[in-house]
Amino acid sequence: MKTPAFEVFMTLNWEGIQPLYQQLEDIELTEESLDLWMEGWSDLRKLVDERYARLVLATRLDTTDEEKEKRFHNFLEHVYPSAQAGDQCLKEKLLGSELTPKGMELALKKMQAEADLFCEDNLPLMTEESKFGTQYSKILGAQTVQWQEEELTLVQVKSAILTTDRAVRKELWELLSQRQLKDRGAINKLWKKFLAVRVKLASNAGFPDYRAFRWQQQLRLDYSPKESRQFIDAVKEVVVPAATRVYDRYQSRLGIDQVRPWDLMNNQTTFSLPAIQAFKTEEEFTSRVGNILDCLDPVLGGYFKSMRENDLLDLMNRKGKGPGGFCTSFATLGVPFIFMNAVGQGSDLRVLFHESGHAFHVFERINLPYHHQWRSGMEFAEVASTAMELLAEPYLSEDQGGFLSTEDAARTRLLNLEEKLLFWPYMSVVVDFQHWVYENHSLASNPDACDNKWSELIDYYMPGINWEGYEDVKMTGWHRKLHIHQAPFYYIEYGLASLGAFQIWENAQKDRGKALQDYRQSLALGGTATLPELYNAAGANLSFDSDTLGSTVQLIEKTMAELEAQLA
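The structure reproduced in this document is the subject of the present report. In this convention, every chain numbers its residues from 1, walking through the sequence in written order. Local features in this predicted model are restricted to residues of pLDDT 70 or higher, and side-chain atom pairs are both shown and tallied only at a pLDDT of 80 or more, whereas totals for entire chains, interfaces and linings draw on every residue. Only hydrogens and water are set aside; all other atoms, that is, all heavy atoms of the structure, feed into the side-chain values.

1. Observations concerning the pattern of salt bridges
When the charged atoms of two side chains with opposite charge come close together, those side chains can pair. In what follows, salt bridge is the name for a side-chain nitrogen of Lys or Arg lying within 4 Å of a carboxyl oxygen of Asp or Glu. With the rule as written, the count across this model stands at 37 salt bridges. The residue Arg288 makes a salt bridge to Glu284 at a minimum N-O spacing of 3.5 Å. In this pair, Arg288 and Glu284 are both assigned in helix α13 (residues 282-296), 4 residues apart and thus about one turn of the helix distant. Exposure categories follow from relative accessible area, calculated using a 1.4 Å probe and restricted to protein chains: below 20% of the type maximum is buried, above 50% is exposed, and the middle band is partly exposed. By relative accessible area, which is 24% here, Glu284 ends up partly exposed. One network of salt bridges, in which partners are shared, links Arg211, Arg229, Asp432 and Glu439. A helix here means a DSSP run of H or I that spans at least four residues, while a strand means a run of E at least two residues long, and both kinds are numbered starting from the N terminus.

The following block contains the structure:
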(Lines give C-alpha, C1' and ligand atoms only; values in the text may rest on other atoms or scores of the structure.)
Protein backbone atom coordinates (compact mmCIF):
# COMPACT_ATOMS: atom_id res chain seq x y z
CA MET A 1 0.00 0.00 0.00
CA LYS A 2 1.34 3.42 -0.93
CA THR A 3 0.97 6.04 1.80
CA PRO A 4 1.15 9.80 1.20
CA ALA A 5 4.13 11.94 2.11
CA PHE A 6 3.96 13.24 5.67
CA GLU A 7 3.55 16.87 4.53
CA VAL A 8 0.41 15.80 2.62
CA PHE A 9 -0.86 13.65 5.49
CA MET A 10 -0.66 16.63 7.86
CA THR A 11 -3.30 18.41 5.76
CA LEU A 12 -5.77 15.52 5.47
CA ASN A 13 -9.05 15.40 7.33
CA TRP A 14 -10.53 12.05 8.32
CA GLU A 15 -12.33 11.73 4.98
CA GLY A 16 -8.92 11.82 3.29
CA ILE A 17 -7.34 9.34 5.71
CA GLN A 18 -10.16 6.78 6.01
CA PRO A 19 -9.51 5.19 2.57
CA LEU A 20 -5.99 4.26 3.72
CA TYR A 21 -7.45 2.21 6.55
CA GLN A 22 -10.09 0.79 4.24
CA GLN A 23 -7.44 -0.48 1.81
CA LEU A 24 -5.87 -2.49 4.60
CA GLU A 25 -9.29 -3.72 5.72
CA ASP A 26 -10.02 -4.98 2.21
CA ILE A 27 -6.84 -7.03 1.80
CA GLU A 28 -7.22 -10.73 2.53
CA LEU A 29 -4.61 -11.77 5.08
CA THR A 30 -2.63 -14.84 4.03
CA GLU A 31 0.90 -16.06 4.56
CA GLU A 32 1.77 -14.50 1.21
CA SER A 33 0.17 -11.08 1.81
CA LEU A 34 1.12 -10.74 5.48
CA ASP A 35 4.49 -8.98 5.19
CA LEU A 36 3.34 -6.30 2.73
CA TRP A 37 0.15 -5.75 4.74
CA MET A 38 2.20 -5.26 7.91
CA GLU A 39 4.48 -2.77 6.13
CA GLY A 40 1.47 -0.78 4.97
CA TRP A 41 -0.09 -0.72 8.43
CA SER A 42 3.25 0.21 10.00
CA ASP A 43 3.71 3.11 7.56
CA LEU A 44 0.20 4.37 8.30
CA ARG A 45 0.78 4.19 12.06
CA LYS A 46 3.98 6.18 11.64
CA LEU A 47 2.09 8.96 9.87
CA VAL A 48 -0.56 9.19 12.60
CA ASP A 49 2.07 8.98 15.35
CA GLU A 50 4.19 11.75 13.91
CA ARG A 51 1.23 14.03 13.27
CA TYR A 52 0.18 13.66 16.90
CA ALA A 53 3.74 14.22 18.14
CA ARG A 54 4.28 17.37 16.08
CA LEU A 55 0.96 18.90 17.07
CA VAL A 56 1.57 18.24 20.78
CA LEU A 57 5.11 19.61 20.52
CA ALA A 58 3.86 22.80 18.88
CA THR A 59 1.56 23.51 21.84
CA ARG A 60 4.44 22.95 24.29
CA LEU A 61 6.91 25.14 22.42
CA ASP A 62 4.52 28.08 22.66
CA THR A 63 1.63 27.77 25.10
CA THR A 64 0.38 31.23 24.06
CA ASP A 65 -0.25 30.32 20.40
CA GLU A 66 -3.99 29.76 20.20
CA GLU A 67 -3.85 28.68 16.55
CA LYS A 68 -1.50 25.78 17.37
CA GLU A 69 -3.74 24.76 20.24
CA LYS A 70 -6.76 24.92 17.93
CA ARG A 71 -5.04 22.68 15.35
CA PHE A 72 -4.17 20.15 18.03
CA HIS A 73 -7.70 20.10 19.44
CA ASN A 74 -9.17 19.80 15.95
CA PHE A 75 -6.98 16.74 15.35
CA LEU A 76 -7.99 15.29 18.73
CA GLU A 77 -11.68 15.80 18.04
CA HIS A 78 -12.00 15.00 14.34
CA VAL A 79 -9.11 12.73 13.31
CA TYR A 80 -7.41 10.91 16.15
CA PRO A 81 -10.41 9.01 17.60
CA SER A 82 -11.33 7.74 14.14
CA ALA A 83 -7.72 6.72 13.49
CA GLN A 84 -7.70 4.82 16.80
CA ALA A 85 -10.93 3.08 15.82
CA GLY A 86 -9.44 2.21 12.43
CA ASP A 87 -6.32 0.89 14.12
CA GLN A 88 -8.48 -1.23 16.39
CA CYS A 89 -10.18 -2.84 13.40
CA LEU A 90 -6.79 -3.73 11.93
CA LYS A 91 -5.63 -5.20 15.26
CA GLU A 92 -8.75 -7.36 15.33
CA LYS A 93 -8.15 -8.38 11.70
CA LEU A 94 -4.59 -9.50 12.44
CA LEU A 95 -5.52 -11.25 15.70
CA GLY A 96 -8.43 -12.99 13.97
CA SER A 97 -6.17 -14.25 11.18
CA GLU A 98 -4.12 -16.25 13.72
CA LEU A 99 -1.04 -15.32 11.69
CA THR A 100 2.13 -14.14 13.43
CA PRO A 101 4.46 -11.80 11.53
CA LYS A 102 8.13 -12.49 12.23
CA GLY A 103 9.32 -10.80 15.42
CA MET A 104 5.79 -9.78 16.42
CA GLU A 105 5.11 -12.37 19.11
CA LEU A 106 5.23 -9.96 22.06
CA ALA A 107 3.63 -7.15 20.04
CA LEU A 108 0.67 -9.44 19.35
CA LYS A 109 0.34 -10.13 23.07
CA LYS A 110 0.23 -6.38 23.69
CA MET A 111 -2.26 -5.93 20.85
CA GLN A 112 -4.54 -8.48 22.46
CA ALA A 113 -4.35 -6.55 25.74
CA GLU A 114 -5.19 -3.33 23.88
CA ALA A 115 -8.01 -5.01 21.96
CA ASP A 116 -9.49 -6.29 25.21
CA LEU A 117 -9.33 -2.75 26.57
CA PHE A 118 -10.82 -1.00 23.55
CA CYS A 119 -14.20 0.64 23.95
CA GLU A 120 -15.49 2.99 21.27
CA ASP A 121 -17.42 5.00 23.85
CA ASN A 122 -14.08 5.89 25.42
CA LEU A 123 -12.64 7.61 22.34
CA PRO A 124 -14.33 11.00 22.96
CA LEU A 125 -13.50 10.68 26.66
CA MET A 126 -9.81 10.24 25.83
CA THR A 127 -10.00 13.32 23.65
CA GLU A 128 -11.58 15.20 26.54
CA GLU A 129 -8.84 13.98 28.90
CA SER A 130 -6.12 15.17 26.50
CA LYS A 131 -7.73 18.60 26.33
CA PHE A 132 -7.75 18.79 30.12
CA GLY A 133 -4.02 18.04 29.96
CA THR A 134 -3.51 20.98 27.63
CA GLN A 135 -5.45 23.23 30.04
CA TYR A 136 -3.22 22.08 32.88
CA SER A 137 -0.11 23.00 30.86
CA LYS A 138 -1.57 26.42 30.13
CA ILE A 139 -2.17 27.09 33.82
CA LEU A 140 1.42 26.23 34.70
CA GLY A 141 2.90 27.87 31.61
CA ALA A 142 1.28 31.20 32.53
CA GLN A 143 2.76 31.29 36.04
CA THR A 144 5.33 34.08 36.49
CA VAL A 145 6.45 36.26 39.40
CA GLN A 146 7.83 39.75 39.73
CA TRP A 147 11.29 39.92 41.25
CA GLN A 148 13.47 43.03 41.34
CA GLU A 149 11.36 44.71 38.65
CA GLU A 150 11.68 41.72 36.34
CA GLU A 151 9.10 39.14 35.32
CA LEU A 152 10.47 35.63 35.87
CA THR A 153 9.14 32.26 34.75
CA LEU A 154 8.96 29.71 37.52
CA VAL A 155 11.96 27.92 36.01
CA GLN A 156 13.91 31.18 36.24
CA VAL A 157 12.79 31.60 39.85
CA LYS A 158 14.12 28.14 40.65
CA SER A 159 17.42 29.21 39.14
CA ALA A 160 17.53 32.47 41.10
CA ILE A 161 16.80 30.62 44.32
CA LEU A 162 20.23 28.99 44.15
CA THR A 163 21.86 31.64 46.32
CA THR A 164 23.90 31.43 49.51
CA ASP A 165 21.65 34.11 51.05
CA ARG A 166 19.07 32.03 52.90
CA ALA A 167 16.77 35.01 53.47
CA VAL A 168 16.64 35.62 49.72
CA ARG A 169 16.00 31.92 49.11
CA LYS A 170 13.07 32.04 51.49
CA GLU A 171 11.66 35.19 49.91
CA LEU A 172 11.88 33.75 46.41
CA TRP A 173 10.41 30.41 47.51
CA GLU A 174 7.51 32.21 49.16
CA LEU A 175 6.88 34.26 46.00
CA LEU A 176 6.95 31.08 43.93
CA SER A 177 4.63 29.25 46.31
CA GLN A 178 2.18 32.16 46.59
CA ARG A 179 1.94 32.34 42.81
CA GLN A 180 1.31 28.61 42.55
CA LEU A 181 -1.34 28.73 45.26
CA LYS A 182 -3.25 31.37 43.28
CA ASP A 183 -4.13 28.60 40.82
CA ARG A 184 -5.29 26.25 43.57
CA GLY A 185 -8.94 26.70 42.70
CA ALA A 186 -8.39 26.28 38.95
CA ILE A 187 -6.36 23.10 39.38
CA ASN A 188 -8.85 21.66 41.87
CA LYS A 189 -11.66 22.33 39.41
CA LEU A 190 -9.70 20.67 36.61
CA TRP A 191 -8.83 17.72 38.89
CA LYS A 192 -12.51 16.94 39.41
CA LYS A 193 -12.91 16.81 35.64
CA PHE A 194 -9.90 14.50 35.30
CA LEU A 195 -11.29 12.16 37.95
CA ALA A 196 -14.78 12.12 36.46
CA VAL A 197 -13.58 11.23 32.98
CA ARG A 198 -11.22 8.56 34.34
CA VAL A 199 -14.02 6.92 36.31
CA LYS A 200 -16.04 6.74 33.08
CA LEU A 201 -13.10 5.33 31.11
CA ALA A 202 -12.69 2.48 33.57
CA SER A 203 -16.41 1.80 33.87
CA ASN A 204 -17.03 1.80 30.12
CA ALA A 205 -14.23 -0.72 29.61
CA GLY A 206 -15.59 -3.00 32.35
CA PHE A 207 -12.88 -2.39 34.97
CA PRO A 208 -13.57 -2.09 38.71
CA ASP A 209 -11.45 1.06 39.02
CA TYR A 210 -9.20 3.31 36.99
CA ARG A 211 -6.03 1.75 38.40
CA ALA A 212 -6.90 -1.62 36.87
CA PHE A 213 -7.82 0.08 33.59
CA ARG A 214 -4.65 2.16 33.48
CA TRP A 215 -2.45 -0.79 34.40
CA GLN A 216 -3.58 -2.62 31.28
CA GLN A 217 -3.53 0.57 29.21
CA GLN A 218 0.14 0.93 30.19
CA LEU A 219 0.63 -2.66 29.01
CA ARG A 220 2.22 -3.70 32.29
CA LEU A 221 2.29 -7.40 31.55
CA ASP A 222 5.30 -8.29 33.69
CA TYR A 223 4.29 -7.04 37.16
CA SER A 224 1.22 -6.11 39.14
CA PRO A 225 0.03 -3.36 41.51
CA LYS A 226 1.00 -5.73 44.32
CA GLU A 227 4.65 -5.67 43.19
CA SER A 228 4.44 -1.90 42.80
CA ARG A 229 3.47 -1.70 46.46
CA GLN A 230 6.26 -4.15 47.35
CA PHE A 231 8.74 -1.75 45.78
CA ILE A 232 7.56 1.33 47.67
CA ASP A 233 7.58 -0.73 50.88
CA ALA A 234 11.23 -1.54 50.10
CA VAL A 235 11.88 2.18 49.65
CA LYS A 236 10.41 2.89 53.07
CA GLU A 237 12.60 0.17 54.62
CA VAL A 238 16.01 0.84 53.06
CA VAL A 239 15.94 4.23 51.29
CA VAL A 240 14.08 6.51 53.68
CA PRO A 241 16.73 6.07 56.43
CA ALA A 242 19.52 6.74 53.89
CA ALA A 243 17.64 9.78 52.53
CA THR A 244 17.26 11.13 56.05
CA ARG A 245 21.03 10.80 56.48
CA VAL A 246 21.48 12.82 53.26
CA TYR A 247 19.30 15.61 54.67
CA ASP A 248 21.26 15.52 57.94
CA ARG A 249 24.60 15.90 56.12
CA TYR A 250 23.14 18.60 53.90
CA GLN A 251 21.97 20.46 56.99
CA SER A 252 25.57 20.41 58.28
CA ARG A 253 26.87 21.50 54.86
CA LEU A 254 24.63 24.56 54.90
CA GLY A 255 25.21 25.27 58.58
CA ILE A 256 21.48 25.31 59.39
CA ASP A 257 19.55 23.78 62.27
CA GLN A 258 16.77 22.23 60.14
CA VAL A 259 16.08 21.65 56.45
CA ARG A 260 13.25 23.84 55.21
CA PRO A 261 11.60 23.71 51.76
CA TRP A 262 13.55 26.77 50.52
CA ASP A 263 16.77 24.89 51.26
CA LEU A 264 15.86 22.34 48.59
CA MET A 265 15.25 22.28 44.85
CA ASN A 266 11.60 21.41 44.14
CA ASN A 267 11.07 20.92 47.90
CA GLN A 268 12.97 17.67 47.61
CA THR A 269 16.55 17.75 46.34
CA THR A 270 19.83 19.13 47.63
CA PHE A 271 21.57 21.72 45.48
CA SER A 272 24.95 23.39 45.21
CA LEU A 273 25.58 26.74 46.83
CA PRO A 274 26.68 28.74 45.05
CA ALA A 275 25.01 27.28 41.98
CA ILE A 276 27.22 25.59 39.42
CA GLN A 277 27.05 27.69 36.26
CA ALA A 278 27.76 25.29 33.43
CA PHE A 279 27.04 27.29 30.24
CA LYS A 280 25.50 30.47 28.89
CA THR A 281 24.24 29.62 25.40
CA GLU A 282 22.51 26.69 23.77
CA GLU A 283 25.42 26.33 21.36
CA GLU A 284 27.90 26.01 24.23
CA PHE A 285 25.56 23.56 25.95
CA THR A 286 25.11 21.25 22.98
CA SER A 287 28.72 21.35 21.79
CA ARG A 288 30.09 20.33 25.18
CA VAL A 289 27.49 17.62 25.69
CA GLY A 290 28.41 16.41 22.21
CA ASN A 291 32.08 16.24 23.25
CA ILE A 292 31.21 14.19 26.32
CA LEU A 293 29.10 11.74 24.32
CA ASP A 294 31.88 11.38 21.73
CA CYS A 295 34.25 10.40 24.54
CA LEU A 296 31.74 8.01 26.06
CA ASP A 297 30.79 6.23 22.84
CA PRO A 298 31.38 7.47 19.25
CA VAL A 299 28.11 5.92 18.03
CA LEU A 300 26.07 7.76 20.66
CA GLY A 301 28.07 10.92 19.95
CA GLY A 302 27.15 10.55 16.28
CA TYR A 303 23.48 10.30 17.10
CA PHE A 304 23.62 13.50 19.13
CA LYS A 305 25.58 15.29 16.39
CA SER A 306 22.84 14.45 13.88
CA MET A 307 20.24 15.95 16.24
CA ARG A 308 22.23 19.18 16.47
CA GLU A 309 22.64 19.35 12.71
CA ASN A 310 18.95 18.69 12.00
CA ASP A 311 17.40 21.12 14.52
CA LEU A 312 16.02 18.36 16.72
CA LEU A 313 16.70 20.24 19.98
CA ASP A 314 14.84 23.06 21.75
CA LEU A 315 16.55 23.36 25.10
CA MET A 316 16.46 26.85 26.64
CA ASN A 317 13.72 28.19 28.90
CA ARG A 318 11.64 31.17 27.77
CA LYS A 319 8.37 32.81 28.70
CA GLY A 320 5.34 31.00 27.30
CA LYS A 321 7.16 27.72 26.81
CA GLY A 322 5.52 24.69 28.38
CA PRO A 323 7.02 23.22 31.56
CA GLY A 324 9.31 20.24 31.96
CA GLY A 325 11.51 18.28 29.64
CA PHE A 326 10.82 15.30 27.37
CA CYS A 327 11.92 13.46 24.27
CA THR A 328 9.40 12.80 21.53
CA SER A 329 9.97 11.24 18.12
CA PHE A 330 9.01 11.77 14.50
CA ALA A 331 8.10 8.29 13.38
CA THR A 332 8.21 8.66 9.61
CA LEU A 333 11.74 10.05 9.82
CA GLY A 334 12.80 7.74 12.62
CA VAL A 335 14.36 10.58 14.61
CA PRO A 336 13.90 11.99 18.14
CA PHE A 337 13.31 15.56 19.31
CA ILE A 338 14.37 16.84 22.75
CA PHE A 339 12.43 19.58 24.56
CA MET A 340 13.59 21.07 27.86
CA ASN A 341 13.86 24.29 29.86
CA ALA A 342 17.58 24.87 30.49
CA VAL A 343 18.83 27.99 32.28
CA GLY A 344 22.57 27.26 32.31
CA GLN A 345 22.85 25.35 35.58
CA GLY A 346 24.80 22.18 36.19
CA SER A 347 21.50 20.38 36.80
CA ASP A 348 20.58 20.99 33.17
CA LEU A 349 23.33 18.57 32.17
CA ARG A 350 21.53 15.73 33.94
CA VAL A 351 18.28 16.56 32.16
CA LEU A 352 19.87 16.62 28.72
CA PHE A 353 21.79 13.38 29.28
CA HIS A 354 18.53 11.84 30.51
CA GLU A 355 16.54 12.89 27.44
CA SER A 356 19.46 11.92 25.20
CA GLY A 357 19.13 8.39 26.55
CA HIS A 358 15.54 8.37 25.28
CA ALA A 359 16.77 9.75 21.97
CA PHE A 360 19.37 6.98 21.64
CA HIS A 361 16.57 4.48 22.19
CA VAL A 362 14.80 5.93 19.15
CA PHE A 363 17.95 5.67 17.02
CA GLU A 364 18.80 2.12 18.11
CA ARG A 365 15.35 0.59 17.58
CA ILE A 366 14.89 2.09 14.11
CA ASN A 367 16.11 -1.07 12.36
CA LEU A 368 13.13 -3.05 13.62
CA PRO A 369 10.85 -3.42 10.58
CA TYR A 370 7.47 -2.51 12.09
CA HIS A 371 6.33 0.49 14.11
CA HIS A 372 4.49 -1.96 16.36
CA GLN A 373 7.86 -3.37 17.54
CA TRP A 374 9.34 -0.07 18.70
CA ARG A 375 7.60 0.44 22.01
CA SER A 376 9.27 -1.12 25.04
CA GLY A 377 7.71 -0.78 28.46
CA MET A 378 8.26 2.59 30.08
CA GLU A 379 10.04 0.79 32.90
CA PHE A 380 12.82 0.04 30.43
CA ALA A 381 12.57 3.27 28.45
CA GLU A 382 13.55 5.05 31.66
CA VAL A 383 16.53 2.70 32.10
CA ALA A 384 17.80 4.03 28.77
CA SER A 385 17.60 7.61 30.00
CA THR A 386 18.66 7.26 33.63
CA ALA A 387 21.62 5.03 32.79
CA MET A 388 22.86 7.67 30.35
CA GLU A 389 23.01 10.24 33.15
CA LEU A 390 25.23 7.93 35.18
CA LEU A 391 27.38 6.69 32.30
CA ALA A 392 28.23 10.25 31.23
CA GLU A 393 29.31 11.42 34.70
CA PRO A 394 33.03 10.50 34.46
CA TYR A 395 33.39 12.96 31.55
CA LEU A 396 31.96 16.07 33.20
CA SER A 397 35.29 17.64 34.16
CA GLU A 398 37.21 19.84 31.74
CA ASP A 399 40.20 17.50 31.70
CA GLN A 400 37.85 14.82 30.31
CA GLY A 401 36.33 17.10 27.64
CA GLY A 402 33.44 18.33 29.77
CA PHE A 403 32.19 21.59 31.26
CA LEU A 404 33.39 21.69 34.81
CA SER A 405 36.41 22.04 37.06
CA THR A 406 37.47 18.88 38.91
CA GLU A 407 35.82 20.22 42.06
CA ASP A 408 32.57 21.19 40.34
CA ALA A 409 32.45 17.84 38.57
CA ALA A 410 32.74 16.06 41.93
CA ARG A 411 30.06 18.34 43.40
CA THR A 412 27.80 17.66 40.44
CA ARG A 413 28.27 13.91 40.77
CA LEU A 414 27.54 14.09 44.50
CA LEU A 415 24.41 16.14 43.93
CA ASN A 416 23.22 13.75 41.22
CA LEU A 417 23.65 10.73 43.48
CA GLU A 418 21.87 12.55 46.29
CA GLU A 419 19.08 13.46 43.92
CA LYS A 420 18.71 9.86 42.76
CA LEU A 421 18.59 8.62 46.34
CA LEU A 422 16.15 11.31 47.46
CA PHE A 423 13.99 10.61 44.42
CA TRP A 424 12.93 7.14 45.57
CA PRO A 425 11.02 8.44 48.64
CA TYR A 426 9.39 11.20 46.57
CA MET A 427 8.52 8.65 43.88
CA SER A 428 6.90 6.57 46.60
CA VAL A 429 4.75 9.54 47.64
CA VAL A 430 3.55 9.95 44.04
CA VAL A 431 2.94 6.23 43.51
CA ASP A 432 1.29 5.65 46.90
CA PHE A 433 -0.90 8.73 46.35
CA GLN A 434 -2.11 7.40 43.00
CA HIS A 435 -2.81 3.94 44.40
CA TRP A 436 -4.99 5.68 46.99
CA VAL A 437 -6.68 7.99 44.45
CA TYR A 438 -7.70 5.23 42.07
CA GLU A 439 -8.75 2.82 44.80
CA ASN A 440 -10.95 5.59 46.26
CA HIS A 441 -12.42 7.44 43.27
CA SER A 442 -15.24 9.06 45.19
CA LEU A 443 -13.14 10.28 48.11
CA ALA A 444 -10.30 11.42 45.85
CA SER A 445 -12.71 13.55 43.83
CA ASN A 446 -12.62 15.90 46.81
CA PRO A 447 -9.42 17.97 46.49
CA ASP A 448 -9.37 18.54 50.26
CA ALA A 449 -9.07 14.78 50.81
CA CYS A 450 -6.24 14.70 48.28
CA ASP A 451 -4.48 17.51 50.15
CA ASN A 452 -4.69 15.58 53.41
CA LYS A 453 -3.47 12.32 51.86
CA TRP A 454 -0.54 14.01 50.12
CA SER A 455 0.49 15.70 53.37
CA GLU A 456 0.32 12.39 55.24
CA LEU A 457 2.50 10.66 52.65
CA ILE A 458 5.09 13.46 52.67
CA ASP A 459 5.49 12.97 56.40
CA TYR A 460 5.72 9.18 55.99
CA TYR A 461 8.32 9.01 53.21
CA MET A 462 10.13 12.35 53.59
CA PRO A 463 10.38 13.07 57.32
CA GLY A 464 13.63 15.02 57.02
CA ILE A 465 11.96 18.26 55.83
CA ASN A 466 10.31 20.78 58.18
CA TRP A 467 7.18 22.34 56.63
CA GLU A 468 5.96 24.17 59.73
CA GLY A 469 3.99 27.30 58.80
CA TYR A 470 3.62 26.28 55.15
CA GLU A 471 1.12 23.48 55.38
CA ASP A 472 -0.91 24.78 52.39
CA VAL A 473 2.13 24.57 50.15
CA LYS A 474 3.02 21.14 51.47
CA MET A 475 -0.44 19.62 51.01
CA THR A 476 -0.90 20.97 47.47
CA GLY A 477 2.34 19.44 46.20
CA TRP A 478 0.29 17.03 44.10
CA HIS A 479 -0.90 20.04 42.07
CA ARG A 480 2.64 20.50 40.79
CA LYS A 481 3.40 16.91 39.78
CA LEU A 482 2.71 16.84 36.05
CA HIS A 483 2.40 13.08 35.84
CA ILE A 484 -0.51 12.91 38.28
CA HIS A 485 -2.54 15.12 35.97
CA GLN A 486 -1.24 14.39 32.48
CA ALA A 487 0.20 10.86 32.67
CA PRO A 488 -1.44 9.03 35.58
CA PHE A 489 0.46 6.09 37.05
CA TYR A 490 3.47 6.87 34.88
CA TYR A 491 5.92 7.27 37.74
CA ILE A 492 6.97 3.98 39.29
CA GLU A 493 8.79 3.46 36.00
CA TYR A 494 11.36 6.03 37.09
CA GLY A 495 12.00 4.25 40.38
CA LEU A 496 12.35 0.77 38.89
CA ALA A 497 14.44 2.12 36.02
CA SER A 498 16.73 3.98 38.39
CA LEU A 499 17.51 0.71 40.14
CA GLY A 500 18.22 -0.91 36.77
CA ALA A 501 20.37 2.04 35.70
CA PHE A 502 22.48 1.82 38.83
CA GLN A 503 23.14 -1.84 38.04
CA ILE A 504 24.42 -0.79 34.60
CA TRP A 505 26.50 1.94 36.27
CA GLU A 506 28.05 -0.65 38.57
CA ASN A 507 28.85 -2.85 35.55
CA ALA A 508 30.49 0.12 33.79
CA GLN A 509 32.85 0.59 36.72
CA LYS A 510 34.15 -2.93 36.05
CA ASP A 511 34.08 -2.95 32.22
CA ARG A 512 32.84 0.25 30.55
CA GLY A 513 33.05 -1.12 27.00
CA LYS A 514 31.00 -4.20 27.80
CA ALA A 515 28.44 -2.17 29.76
CA LEU A 516 27.93 0.24 26.84
CA GLN A 517 27.72 -2.61 24.34
CA ASP A 518 25.04 -4.30 26.45
CA TYR A 519 23.26 -0.96 26.85
CA ARG A 520 23.03 -0.30 23.11
CA GLN A 521 22.09 -3.87 22.26
CA SER A 522 19.26 -3.80 24.80
CA LEU A 523 17.92 -0.54 23.30
CA ALA A 524 17.97 -2.12 19.84
CA LEU A 525 15.50 -4.78 21.01
CA GLY A 526 12.77 -2.12 21.19
CA GLY A 527 9.56 -3.82 22.29
CA THR A 528 10.41 -7.30 21.03
CA ALA A 529 11.43 -8.62 24.48
CA THR A 530 9.75 -8.69 27.89
CA LEU A 531 10.83 -6.31 30.64
CA PRO A 532 12.87 -8.96 32.49
CA GLU A 533 14.55 -9.89 29.18
CA LEU A 534 15.35 -6.25 28.39
CA TYR A 535 16.84 -5.68 31.83
CA ASN A 536 18.91 -8.85 31.51
CA ALA A 537 20.14 -7.81 28.07
CA ALA A 538 21.36 -4.55 29.62
CA GLY A 539 23.14 -6.45 32.39
CA ALA A 540 20.55 -5.73 35.10
CA ASN A 541 17.55 -7.32 36.83
CA LEU A 542 13.98 -6.07 37.14
CA SER A 543 13.68 -6.09 40.94
CA PHE A 544 11.15 -5.04 43.58
CA ASP A 545 12.77 -6.42 46.73
CA SER A 546 14.53 -4.66 49.57
CA ASP A 547 17.69 -6.78 49.25
CA THR A 548 18.47 -5.62 45.70
CA LEU A 549 17.51 -2.04 46.48
CA GLY A 550 19.48 -2.12 49.73
CA SER A 551 22.63 -3.34 47.98
CA THR A 552 22.38 -0.47 45.49
CA VAL A 553 21.80 2.06 48.28
CA GLN A 554 24.97 0.83 49.99
CA LEU A 555 26.98 1.40 46.79
CA ILE A 556 25.49 4.89 46.37
CA GLU A 557 26.27 5.84 49.96
CA LYS A 558 29.84 4.52 49.59
CA THR A 559 30.38 6.60 46.44
CA MET A 560 28.87 9.69 48.04
CA ALA A 561 31.24 9.33 51.00
CA GLU A 562 34.21 9.15 48.61
CA LEU A 563 33.07 12.29 46.79
CA GLU A 564 32.48 14.16 50.04
CA ALA A 565 36.00 13.22 51.17
CA GLN A 566 37.35 14.51 47.85
CA LEU A 567 35.56 17.83 48.41
CA ALA A 568 36.53 18.19 52.07
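2. A few points about the packing of aromatic side chains
Only centres within 6.5 Å qualify two rings of Phe, Tyr or Trp (six-membered ring in Trp) as a pair; their planes then separate them into stacked at under 30 degrees, edge-to-face at over 60, and tilted for everything else. Here the structure, examined in full by the defined rule, presents 40 aromatic pairs. Each ring, one from Tyr52 and one from Tyr80, has its centre 4.8 Å from the other, and the planes form 35°; the classification is tilted. Within this pair, whereas Tyr52 is found in helix α3 (residues 34-61), its partner Tyr80 is found in helix α5 (residues 80-97), the two being separated by 28 residues in sequence. A connected cluster of aromatic rings, assembled from ring pairs, spans Trp191, Phe423, Tyr426, Phe433, Trp436, Trp454, Trp478, Tyr490, Tyr491 and Tyr494. The residue whose ring lies beneath Arg54 is Phe330, and the NZ or CZ to ring-centre distance is 3.7 Å. For the cation-ring pair, Lys236 lies above Tyr460, with the distance from its terminal atom to the ring centre recorded as 4.2 Å. Our definition puts a charge over a ring when NZ of Lys or CZ of Arg is within 6 Å of the ring centre and also within 35 degrees of the ring normal.

3. Thoughts on the environment of Val383
Examined against the element boundaries, Val383 turns out to sit in helix α16 (residues 378-392). Of the residues examined, Val383 reaches a relative accessible area of 1% and is grouped as buried. With 230 residues separating them in the primary sequence, Val383 and Thr153 have C-alpha atoms 31 Å apart. Each residue touching Val383, except ones within four places of it in the same chain, is listed here: Ala497, Ala501, Ile504, Tyr519 and Tyr535. In what follows, a contact means two residues having at least one pair of non-hydrogen atoms within 4.5 Å.

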